[in-house]
Amino acid sequence: MGGQLIDGKALAEELREAFKPRTAALAAKGHRPGLAVILAGEDPASQVYVRNKVNACEAAGIFSLEARYSADVPQETLLAKIAALNADPAIHGILVQLPLPRHMDEKTVLEAISPEKDVDGFHAASLGALVQGHPCFIPCTPHGVMKMLEAHGIDPSGKEAVIIGRSSIVGKPMAALLLNANATVTVCHSKTLDLPAHARRADILVAALGKPRFVTASMVKPGAVVIDVGINRLPPEEGGKLCGDVDFESVREVASLITPVPGGVGPMTITMLLANTIEAAERRAGK
Ligand code: GUN
């Protein structure tokens, strides 16, 4: 037996179908959503993510512009590009792929993006609005997780939600979203004492720490919903495949619902990026 799969790929396709009337309505008014993707450096995983984002835009009828730079690009060059994109009416969303090269200050670069075009939701103004429950662009991965829960009829209200990982990209916004949905939220991290004891209390367990197969069956309450945000490449001696932060085979036996890797959260992240870009274009067109 084992828990039921949450099929992120199928849900992503369903949501992307629903974008078509929205992009058609924009096109009828002479607008086409546009996304700019900035990549600095040659990180192989980032290159794959950026390619996937650009391809997904093309398939959804969204104009995309890729700005690539070598790892030693001065921060000022990136800031000047962002300023130009902020002023460009054909661009509705701007995304700076992370991680940035070490000599750059991530906060300075992200905060140069106009909040109106912050489709990744990483600007302090976006995260502040999210925490306060105001309308904003929601970071794509945690937003995708909420859509998956919703699609499976999981209402977080009153449930124990435990998030492993406190990144600004996933853990922190995930905590805000689950809290806004009335869950009782615990965020675990590298300094947490007895992390398995926290994890075992979870009705909804989100693993977003970036360690392959960290969550094992003994850390999961029977019947829990397990969301695996991890995308880790195993070393060649272990097959070189992608694997999540959850030990899928063993945890599946305990969980009621579980996301696979690949085919779980990953396709939802890109889908929510498309959703945010379309929404940015709609807001602009409505002005
Ligand atoms: N690096 C890892 N995940 C992401 C993401 O969702 N957006 C951006 N911009 N960079 C990332």
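Above this text you will find the structure in question.
Residues numbered from 1 in each chain as written. Predicted model: local features only at pLDDT ≥ 70, side-chain atom pairs only at ≥ 80, totals over all residues. Heavy atoms only, no water.

### Things to note about the environment of Met272
If you trace the backbone, Met272 turns up in helix H10 (residues 265-285). Its relative accessible area of 3% is what places Met272 among the buried residues. Taking the C-alpha atoms as reference, Met272 lies 5.1 Å from Cys140; in sequence the two are 132 residues apart. Beyond its immediate stretch of four places on either side in the chain, Met272 contacts Leu15, Cys140, His143, Gly144 and Lys147. (Helix = DSSP H or I, 4+ residues; strand = E, 2+ residues; numbered from the N terminus. Buried < 20%, exposed > 50% of the residue type's maximum accessible area, 1.4 Å probe, protein only. Contact = heavy atoms within 4.5 Å.)

### Quick notes on the pattern of salt bridges
Inspection of every chain in the model, using the stated rule, returns 9 salt bridges. Here Lys20 and Glu17 are joined by a salt bridge, their closest N and O atoms 2.8 Å apart. You can see Lys20 and its partner Glu17 sitting in helix H1 (residues 8-28), 3 residues apart, about one turn around the helix. On the accessibility criterion, Lys20 (47% relative accessible area) is partly exposed. We classify Glu17 as partly exposed; its relative accessible area is 47%. (Salt bridge = Lys/Arg side-chain N within 4 Å of Asp/Glu carboxyl O.)

### Quick word on the site of the ligand
Taken together, the residues surrounding the ligand are Lys53, Leu95, Val96, Gln97, Leu98, Asp120 and Phe122. Measuring from a nitrogen atom of the ligand, one finds a backbone N or O atom of Val96 at 2.8 Å. In the model, a nitrogen atom of the ligand is placed 2.6 Å from a nitrogen or oxygen of the Asp120 side chain. Starting from 280 Å² of accessible surface for the ligand in isolation, the protein chains cover 82%. Tallied by class, residues from the shell around the ligand come to 4 nonpolar, 1 polar and 2 charged. (Near = heavy atom within 4 Å. Polar contact = N/O pair within 3.5 Å; in protein donor to acceptor, adjacent residues only side chain to side chain. Areas by Shrake-Rupley, 256 points an atom, 1.4 Å probe, with all protein chains shown as cover. Nonpolar A, V, L, I, M, F, W, Y, C, P; charged D, E, K, R; others polar.)

### Here's the deal with the packing of aromatic side chains
Inspection of the entire model under this criterion finds 0 aromatic pairs. Stacked on the ring of Phe137, the Lys or Arg Arg283 has its end atom at 4.2 Å from the ring centre. (Phe/Tyr/Trp six-rings, centres within 6.5 Å; stacked < 30°, edge-to-face > 60°. Lys NZ or Arg CZ within 6 Å of the ring centre and 35° of its normal.)

### Details of the sheet that holds strand S4 (residues 93-96)
An order of S3-S2-S4 is seen for the 3 strands of this open sheet, with the pairing classed as parallel. Since the sheet does not close on itself, it has two edges, and those belong to strand S3 (63-69) and S4, each with one partner. Within this sheet the neighbouring strands show an average axis-to-axis angle of 15°, counted without direction. The pairing of strand S2 (residues 34-40) with S3 spans 7 bridges and is classified as parallel. Of the residues in S3, the one forming a bridge with Leu39 is Arg68. Contacts between helix H3 (residues 75-86) and the sheet are confined to S2, S3 and S4, with S2 contributing the most and set at about 180° to the helix. (Pairing = 2+ DSSP bridges. Axes fitted to C-alpha atoms, helices over the stretch in contact; angles between N-to-C directions.)

Everything listed here is a matter of geometry and, on its own, says nothing about what the molecule does.
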